[in-house]
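Below, each chain spelled out in residue letters.
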Amino acid sequence: MGYDLEGIGMARPAILHQRISRNIVINYYVKHGFDTIEALQESTANLKPQCERIPDVVFVDVAKNKVIVSVELDKCWLKVAAARVEDAITDYKHKEVFWYNYIKDEWRRYYWLKGNVVYDDMEDYSQQLKIHLSDYISLK
């Protein structure tokens, strides 16, 4: 053929990572439907095609067509990932961003407080969605 396709394509997360994000979307749909809030797996942070920022799961206010909550899944806490999580609030105006370390089974909830991005350790409850995200990571 004359060319090599090795290295083409994007890196994919681990199966466990993909399974958790898929389960969140499926469980949310089963429990709540997508009439007012829609859950999407690996959608852009601002729903625009040119957006390079791709959270693992986003929750979209259907009436406003705006992401209000996003979820990032990781197997460890890295500073570069923390910056990515904070950017979802500062740059894309998500009301809450959750970061889940699926190896340690630990959550962090990020949000605005008095002009600063802050987070609560061990917090999986979304005040925007009124759900505990940990209830959605395994298929029911």
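Parameters and conventions
Residues numbered from 1 in each chain as written. Predicted model: local features only at pLDDT ≥ 70, side-chain atom pairs only at ≥ 80, totals over all residues. Heavy atoms only, no water. Patch = residues over 30% accessible without salt bridge, like charges linked within 9 Å, V, L, I, M, F, W, Y side chains within 5 Å. Areas by Shrake-Rupley, 256 points an atom, 1.4 Å probe, with all protein chains shown as cover. Salt bridge = Lys/Arg side-chain N within 4 Å of Asp/Glu carboxyl O. Helix = DSSP H or I, 4+ residues; strand = E, 2+ residues; numbered from the N terminus. Buried < 20%, exposed > 50% of the residue type's maximum accessible area, 1.4 Å probe, protein only. Polar contact = N/O pair within 3.5 Å; in protein donor to acceptor, adjacent residues only side chain to side chain. Pairing = 2+ DSSP bridges. Axes fitted to C-alpha atoms, helices over the stretch in contact; angles between N-to-C directions. Contact = heavy atoms within 4.5 Å. Core = buried A, V, L, I, M, F, W, Y, C linked by side-chain atoms within 4.5 Å.

A. Spatial organisation of a nonpolar patch on the surface. Where nonpolar side chains cluster on the molecular surface, the patch consists of Ile26, Tyr29, Val30 and Leu139 and spans about 400 Å² of accessible area. With respect to the helices and strands, Val30 occurs in helix 1 (residues 15-32). You can call Val30 exposed: its relative accessible area is 63%.

B. View of the side chain of Thr44. Topologically, Thr44 is positioned in the loop between strand 1 (37-41) and strand 2 (57-61). The exposure class of Thr44 is buried, given its relative accessible area of 13%. A polar contact is formed between the side chain of Thr44 and the backbone nitrogen of Leu47, at a distance of 2.9 Å.

C. Highlighting the sheet that holds strand 2. Taken in spatial order, the 6 strands of this open sheet run 1-2-3-4-5-6, and their pairing is mixed. The open sheet has two free edges, formed respectively by strand 1 and strand 6 (116-121), since each of these has just one partner strand. On average, adjacent strands in this sheet sit at an angle of 20° to one another, irrespective of strand direction. Pairing analysis gives 5 bridges linking strand 2 to strand 3 (residues 66-74), with the strands arranged antiparallel. Looking across to strand 3, one finds that Phe59 is bridged to Val69. Contacts from helix 1 reach strand 1, strand 2, strand 3 and strand 4 (96-101) within the one sheet, and its direction differs from that of strand 1 by about 160°. On the sheet, helix 2 (residues 79-90) packs against strand 3, strand 4, strand 5 (106-113) and strand 6 and is oriented at approximately 40° with respect to strand 5.

D. Structural detail: the nonpolar core. Membership of the largest hydrophobic core comes to 21 residues, with the highest contact counts inside it found for Ile24, Tyr28, Phe59, Val71, Leu129 and Leu133. Breaking this core down by element, the ones donating at least two residues are helix 1, strand 1, strand 2, strand 3 and strand 4. Apart from the residues within four sequence positions on either side, Tyr28 is in contact with Gly33, Phe34, Ile37, Ala39, Phe59, Leu129, Ile131 and Tyr136. By size, the runner-up hydrophobic cluster in this structure holds 8 residues, among which are Ala81, Ala82, Ala88 and Val97.

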